[in-house]
Amino acid sequence: MTLTIVSRADAAALSRRTFLKASATAAGGLALAFVVPGRSEAAGAENGALNGFVRIEPDGRVHLTIPMVEMGQGTYTSLAMLLAEELEVKLDSIVPEHAPPNDALYANPILHEQSTGLSASTRGFWLPLRQAGAAARIMLVTAAAQRWKADPAKCTAKAGVITDPSGKRSLPYREVVQAAAQIRPPALDQIKLKAPGQFSLIGTSPKRLEAAGKVSGRTRFGIDAIEPGMKFAAIAISPVGGGKPKQVNQAAALAIKGVRQVVVIDEAVAIIADHTGAAKKGLEAAAIQWDDGPNAQVNSQSIVAQLKAGSETSGVIARNEGNVEQAFAKAARRFDAVFELPFLAHAAMEPMNCTVHLRKDACEIWVGTQVPTVTQTRVAALTGLQKDAVILHNQFLGGGFGRRLEPDGTLLAVKIARHVDGPVKVIWSREEDIQHDIYRPYYYDRISAAVDEAGNPVAWHHRVCGSSVVARFAPPLFKNGLDFDAVEGAAEPPYALPNILVDYVRVEPASITTGFWRGVGPVHNVFIVESFIDELAFAAKQDPVAYRRRLLSKNPRALAVLNLAAEKAGWGQPMPAGKARGISLQFAFGSYLSQVAEVAVDTKGKVRVERIVCAVDCGIAVTPSMIEAQVQSGTIFGLTAALRGAITIKDGRVEQSNFDSYPPMRIDEVPRIETHIVPSTENPGGLGEAATAIVAPAVTNAIFAATGRRIRKLPIEEV
Amino acid sequence: MSFVLKINGASHTIDADGDTPLLWVLRDVLQMTGTKFGCGMALCGACTVHLDGAATRSCITTIDSVGDAAITTIEAIGQSEAGRKVQRAWLDLDVVQCGYCQSGQIMSATALLMSNAHPTDGDINDAMSGNVCRCGTYNRIRDAIKLAAGAKP
Ligand code: FES
Ligand code: FES
């Protein structure tokens, strides 16, 4: 969401009136919370220490309530580093804790709600967490100085220990927390933060804080919730959207050992049992017949035809600069192309699941969600309970990728739990998870360019056509018919394009719900823009790197990553027959990336990606090892989709079902991925999704260079 | 029917149908949630345990087929030397991301090293390609196996 949100992030987003409030914890420690007047009072932050963002207990441990969820991106570690840097404590003295749902206390300053997405976590908390750390340090130092009757400005703090001006006396934080809790926190604008050159932790690569639990099986994901007396549910959801169960053999299901109950709701059937094995067996025995409802005729062809027709009409203007029509009319040559990208499922390793205990007066939920507050609100609406009677215990997420931005799995579990006495854990099978996902939209885009005699683009028209995730997900942000996310990466390509028109046509395919998918808007637009720029380069008989360079004279950060990727990849050095390199470039999520892919194409056309080189300028690199991990992760996620990811519809049903028909990349086929980080003192950009967006065009451009085959429709492999 | 399973050195009597997958007995009946569910069809390796030291997909292993084989799960893998080395290497190279697949990855990697102290890249591919990681931690998994084997990654 670079278009709309970067400016807000730059403004650091915290309201001017925001202040820090200190209080004592029950154990005699110090708690700090941000208070936004008018917003936080309602949440009780003014009074209670309980909701403190940061708590320093008399045992010296620093508890940090992490407002964002950990789904693999490393945010627990990176956010803890921001606090530790200014607080002057060792990173391992910080205990990250899951945050309960509370927008007033834990909203991401960029997204204005407590949701984890759009690669906004480090960007959003870059300033507030460092401020909180600095404020706490100042208070602790002041408390120590008061005890010594020394000048606090001359005392120093390091690794959780305060030293007096003479250097002779020192006090660990834990001995002054109680006194510090009585000191008024400094005003935010009085806090002087370290300059980038003074960082001692930011820019290093400490080990992830939560790793030990993950290598020993101790980490609890949502699916691992255990409640006394809990039952287990296996479910079948109508295979066609809008369908209903018609016939359920309840007796056969109940005859299975361990099956306790059959629950039939509008859109699904759940078998409740003593363990999931029995529940699954009961589900099979139930031999459910469905009434498919009105959508049984929907298929991929009809959806594509609908989108194609939409792409032939003009859309809502996202950007219009210069005079595109005139420039096309006058130009020497013109190029037109159609690009298609398929529906995609998220297929996080942890299948959808949710544990619910619904009582008369409360609903308790255990789930890993990217949207705790939205989930709480929706459950309250569904059950008629007050919001604070909906108690949500957020868990570690076994992958999110955007799937867990949707509360549907929790709502379904609550509907089932209504019929169950006691807690019930609902686990979706992998088949249900893939067939009832909320899919990345299918896009059918048209793009045209006109070039001058030298082959440089003088007119550019990109028409994005697809369903709108924003209109469904965040209606207030869907303004004047424009989905800002659908055009992100299209409306502001990094290149100098003198006459540019980008418009958006919204087409909603029947019965398919679409949602955010790792990389969001850029993942589709960057593929198109970077493929098309490559086409123009080849049409101009120019080297793709040299061609891009000429269009980047006003964009030094983009030019620098392009050059770095090309250099590290050995761009221009000869490759054996059947092998070639391709390049791509993007600015998205506040970060600049360029990637070079090396591919080998065998005589049957089978593509093997052998090496990826990625240059990254994400501003200050908070945790380089995490950046490398996210580049590898994002690249493989995007590459899997580019090579063979596609969800197709037949007779209203999703045709793919498990990892055999929706195959992930495996260790024997992934390339080595090299990451090169550009040193920078700019504020951090987001990185959880960037590499997912950039990889496809690097690969397809390489395939073109190797074979002359231009890929304008994904996935690369036939499905 | 009831079955006696030897898990991590302890015997457990399980009262369930013989065709119940071991995975659900571990997770739901015994509340040993370190072993994960990912696909239910031996396609992802998230549920990998050891039966007498061999990597086995517990999602398709019925309890009546286990017999008196010794079952080892992620909860106890650190008690073996190979398991401890693998976990150490995983931490040293910061392999994990979301972590959900990692119990299975570690079980497969440990089984590999127990039978082959110095695996080649090809051996790693053979032993590990049944384990999916949607977070794409594969580069570091390969390096960590080599580190655990004492080779320079
Ligand atoms: S859950 Fe057993 S292999 Fe996937
Ligand atoms: S670490 Fe997330 S699936 Fe492997």
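Thresholds applied
- Residues numbered from 1 in each chain as written.
- Chains lettered and ligands numbered in written order.
- Predicted model: local features only at pLDDT ≥ 70, side-chain atom pairs only at ≥ 80, totals over all residues.
- Heavy atoms only, no water.
- Pairing = 2+ DSSP bridges.
- Helix = DSSP H or I, 4+ residues; strand = E, 2+ residues; numbered from the N terminus.
- Axes fitted to C-alpha atoms, helices over the stretch in contact; angles between N-to-C directions.
- Contact = heavy atoms within 4.5 Å.
- Phe/Tyr/Trp six-rings, centres within 6.5 Å; stacked < 30°, edge-to-face > 60°.
- Buried < 20%, exposed > 50% of the residue type's maximum accessible area, 1.4 Å probe, protein only.
- Polar contact = N/O pair within 3.5 Å; in protein donor to acceptor, adjacent residues only side chain to side chain.
- pLDDT = per-residue confidence, 0-100.
- Domains from an automatic or database assignment.
- Buried area = accessible area lost by both parts, 1.4 Å probe.
- Salt bridge = Lys/Arg side-chain N within 4 Å of Asp/Glu carboxyl O.

Novice: Just to check I follow, could you spell out the sheet that holds strand β2 (residues 30-35) of chain A for this structure?
Specialist: Backbone-to-backbone hydrogen bonds pair the strands of a sheet. The strands run either parallel or antiparallel. Residue and element names in this part refer to chain A. A sheet is described by the order of its strands in space; here 5 strands give the open sequence β1-β2-β3-β4-β5, paired in mixed fashion. Edge strands, defined here as strands with exactly one partner in the open sheet, are β1 (19-24) and β5 (94-98). The mean inter-strand angle of the sheet, taken between neighbouring strand axes irrespective of direction, is 20°. The strands that helix α2 (residues 75-87) touches are β3 (54-56), β4 (62-66) and β5; relative to β4, the one it contacts most, it runs at about 135°. Docked against the sheet, helix α4 (residues 121-148) engages β1, β2, β3 and β4, running at close to 140° with respect to β2.

Novice: How do you make sense of the packing of aromatic side chains when you look at a structure like this?
Specialist: What describes a pair of aromatic rings is the distance from one ring centre to the other and the angle between the planes of the rings. All names here are of chain A. Evaluation of the coordinates by the stated rule reveals 12 aromatic pairs over all chains. Here the aromatic rings of Trp460 and Phe532 are separated by 5.7 Å at their centres, their planes lie at 65°, and the arrangement is edge-to-face. Residue Trp460 is located in strand β21 (residues 457-466), and its partner Phe532 is located in helix α15 (residues 520-539); the two are separated by 72 residues in the primary sequence. Taken as a pair, Trp460 and Phe532 share a single burial class, namely buried. Taken together, a centroid distance of 4.8 Å and an interplanar angle of 70° make the contact between Phe538 and Phe704 edge-to-face. Within this pair, whereas Phe538 is found in helix α15, its partner Phe704 is found in helix α19 (residues 690-707), the two being separated by 166 residues in sequence. You can call Phe538 partly exposed: its relative accessible area is 31%.

Novice: Quick question: what am I supposed to make of the side chain of His50(B) here?
Specialist: Residue and element names in this part refer to chain B. Looking at the element boundaries, His50 is found in strand β3 (residues 48-51). From its side chain, His50 meets the backbone oxygen of Met107 in a polar contact 2.7 Å long. Contact partners of His50, with chain neighbours within four places excluded, come to Ala55, Ala70, Ile71, Thr72, Ile77, Met107, Thr110, Ala111 and Met114.

Novice: Help me out: how do you make sense of the confidence of the model for chain B in this one?
Specialist: Segments scoring low in pLDDT should not have their predicted coordinates read at a detailed level. With 98% of its residues at a pLDDT of at least 70, chain B reaches an overall mean of 97. Taken together, the chains of this predicted complex give a pTM of 0.94 and an interface ipTM of 0.98.

Novice: Just checking my understanding: could you explain the domain arrangement of chain A for this structure?
Specialist: Many authors give the size of an interface as the accessible area that is lost as the parts come together. All names here are of chain A. Here chain A is partitioned into domain 1 (8-215), domain 2 (222-293 + 352-427) and domain 3 (301-343 + 439-707). A straight line from the C-alpha centre of domain 1 to that of domain 3 covers 38 Å. With 22 residues of domain 1 at the interface, the matching set in domain 3 holds 19 residues. Taken together, both faces of the contact between domain 1 and domain 3 bury some 1,500 Å²; the carbon and sulfur share is 64%. Of all residues in domain 1, Ser119, Arg123 and Trp126 bury the most surface against domain 3, accounting for 33% of the area lost on that side. The interface formed by domain 1 and domain 3 holds 0 salt bridges in total. The tally of links from domain 1 across to domain 3 stands at 5 residue pairs in polar contact (both at pLDDT 80 or more).

Novice: Before we go on, may I ask you to explain the interface of chain B and chain A in this structure?
Specialist: In this complex, chain B contributes 54 residues to the contact, which on the side of chain A involves 63 residues. Its largest share of buried area at the contact with chain A, chain B owes to Gln97(B), Arg134(B) and Asn139(B), together 17% of the area lost on that side. For the pair chain B and chain A, the interface holds 7 salt bridges. We note a salt bridge from Asp224(A) to Arg27(B), for which the minimum N-O separation is 2.9 Å. For the pair chain B and chain A, the number of links is 31 residue pairs in polar contact (both at pLDDT 80 or more). Broken down by element, the residue count for the side of chain B that touches chain A peaks at 6 residues, all from helix α6 (residues 138-148) of chain B.

Novice: Can you help me understand the environment of Ile60(B) in this one?
Specialist: All names here are of chain B. If you trace the backbone, Ile60 turns up in the loop between β4 (54-57) and β5 (70-72). Separated by 19 residues in sequence, Ile60 and Met41 place their C-alpha atoms 6.5 Å apart. Look past the residues within four positions of Ile60 in its chain and what remains in contact with it is Gly40, Met41 and Ala42.

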